[in-house]
Amino acid sequence: MVKKSLALMLAGVFFIVFLSLMVSAQLEKIEVSTIKDAYLSRENITIRISLFDAENKPINSDVQLVFEDVEKRKKIEKTIPSNKISNIDLGNEAPSGFWTITAKYNVIEATASFLIESEELAEFSLNGDALTITNVGNTRYGKTVQIIIGETVGIKKPVLEIGESIIFRLIAPGGNYNVRITDGTSSLIRANVP
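What you see as residue numbers is a count from 1 along each chain, following the sequence as written. Totals for whole chains, interfaces and linings use all residues, but because this is a predicted model, local features are given only for residues with pLDDT of at least 70 and pairs of side-chain atoms are given and counted only at 80 or more. Computation of side-chain values: all heavy atoms of the structure, hydrogens and water removed.

## Overview of the side chain of Ser82
Line of reasoning, step 1. Strands here are runs of E lasting at least two residues and helices are runs of H or I lasting at least four, both read from the DSSP assignment and numbered beginning at the N terminus. Along the chain, Ser82 falls in the loop between strand 5 (75–81) and strand 6 (85–88).
Line of reasoning, step 2. Residue contacts are defined here by distance: any two heavy atoms, one from each residue, within 4.5 Å place the two residues in contact. Those residues in contact with Ser82 that sit more than four places away from it in its chain are Ile49, Leu51, Ile59, Asn60, Ser61 and Val63.

## A word on the sheet that holds strand 2 (residues 38–39)
Line of reasoning, step 1. Strands were regarded as paired on the criterion that DSSP finds at least two bridges between them. Taken together, five strands build an open sheet; the order of strands is 2-8-7-4-5 and the sheet is mixed. Of all strands in the sheet, those bounded by a partner on one side alone are strand 2 and strand 5.

## A few points about the sheet that holds strand 3 (residues 45–52)
Line of reasoning, step 1. If you walk across this open sheet you meet the three strands as 1-3-6, and the pairing is antiparallel. Looking along the sheet, the strands with just one partner apiece sit at the ends: strand 1 (29–34) and strand 6. Taken pair by pair, the neighbouring strands of this sheet meet at an average axis angle of 30°, ignoring direction.
Line of reasoning, step 2. Strand direction decides the pairing type here: strand 1 and strand 3, joined by six bridges, are antiparallel. Looking at strand 3, one finds that Ile30 is bridged to Leu51. To get an axis, fit a line to the C-alpha atoms, keeping to the stretch in contact for a helix; angles then go from 0 to 180 degrees between the N-to-C directions.

## Looking at the nonpolar core
Line of reasoning, step 1. Working definition of a nonpolar core: buried Ala, Val, Leu, Ile, Met, Phe, Trp, Tyr and Cys residues. They are joined through side-chain atoms within 4.5 Å. A 1.4 Å probe rolled over the protein chains alone gives each residue an accessible area, and that area as a share of the maximum for its type sets the label: buried under 20%, exposed over 50%, partly exposed in between. Among the nonpolar cores identified, the biggest contains 25 residues, and Ile30, Ile47, Ile49, Leu65, Phe67, Leu90 and Phe114 are the most heavily contacted of them.
Line of reasoning, step 2. The biggest single contributor to this core is strand 8 (residues 108–116), with five residues.
Line of reasoning, step 3. Leave out the neighbours within four places in its chain, and Phe114 touches Thr34, Asp37, Tyr39, Ile45, Phe67, Leu90, Gly97, Phe98, Trp99 and Ile101.
Line of reasoning, step 4. Formed by 16 residues, the second largest nonpolar core is a distinct cluster that contains Leu126, Tyr141, Val145 and Ile147.

## Points about the packing of aromatic side chains
Line of reasoning, step 1. Any Phe, Tyr or Trp ring, taking Trp's six-membered ring, that has another such ring centre within 6.5 Å forms a pair; planes under 30 degrees apart are called stacked, those over 60 apart edge-to-face, and the others tilted. Evaluation of the coordinates by the stated rule reveals three aromatic pairs.
Line of reasoning, step 2. Clustering of aromatic rings is evident, with ring pairs tying together Tyr39, Phe67, Trp99 and Phe114.

## Examining unusual backbone geometry
Line of reasoning, step 1. For Lys72, which is not a glycine, the phi torsion comes out positive at approximately 60°.
Line of reasoning, step 2. Position of Lys72 relative to the elements: it lies in the loop between strand 4 (62–69) and strand 5.
Line of reasoning, step 3. Looking at Lys72, the relative accessible area reads 60%, which means it is exposed.
Line of reasoning, step 4. A positive phi angle, near 60°, is found at Asn83, a position not held by glycine.

## As for the pairing of strand 12 (residues 152–156)
Line of reasoning, step 1. Counted residue by residue, strand 12 has zero buried out of five residues, so it is predominantly exposed.
Line of reasoning, step 2. Strand direction decides the pairing type here: strand 11 (residues 145–149) and strand 12, joined by five bridges, are antiparallel. Its bridge partner lying in strand 12, Gln146 is registered against Ile155.

## Points about the pattern of salt bridges
Line of reasoning, step 1. A carboxyl oxygen of Asp or Glu within 4 Å of a side-chain nitrogen of Lys or Arg is what we treat as a salt bridge. Tallied over the entire structure, the rule returns seven salt bridges.
Line of reasoning, step 2. Note that Asp129 and Arg169 form a salt bridge whose closest N and O atoms lie 2.9 Å from each other. Of this pair, Asp129 sits in the loop between strand 9 (122–127) and strand 10 (130–135) while Arg169 sits in strand 13 (residues 165–169), and the two are 40 residues apart along the sequence.
Line of reasoning, step 3. What makes Arg169 exposed here is its relative accessible area of 60%.
Line of reasoning, step 4. Residue Arg140 is joined to Glu161 by a salt bridge in which the shortest nitrogen-to-oxygen separation is 2.6 Å. Pair noted here: Arg140 is in the loop between strand 10 and strand 11 and Glu161 is in the loop between strand 12 and strand 13, with a separation of 21 residues, a long-range link.
Line of reasoning, step 5. Counted as one network, the salt bridges with shared partners bring together Asp69, Glu71 and Arg73.

This is the structure:
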């Protein structure tokens, strides 16, 4: 008999806790939105989290955010204040494609999505006769790179994953040359290179 009444009392307590959580969830609402639908890879994501009570009065509190790309390769967690515009930096290596934002406050949550556009971008550096090409974009790099040493034009077509580099040795007869390296977007120009 005692076990049965204890079980009923525990069930009652769980029911009250569950009911209070449900009422709390119905009393508060959360909305998440981005200012734009699409962003460049190095651009901050401008976001607003709106948080309201049952009477539609703003609740000013911290909200947990989870940013995740559609392929679930990258997950970034942030905490921001509600009812303010915030700029979020996802870092240089945020992959291109669709992303979701999940905003959580207590037991309620809301989601939104946005696009990070593909940016095939390389950085060139020249150290002596060593040319380094580094993929600094957010997608695979495969552009044709023109290497102009004096009047001679050479072409390389490296395929680099995000963050990957490759080094080429530049060769020319003795002398000083003007060197230009370009892929049509990024360029490096050096004068009087031995």
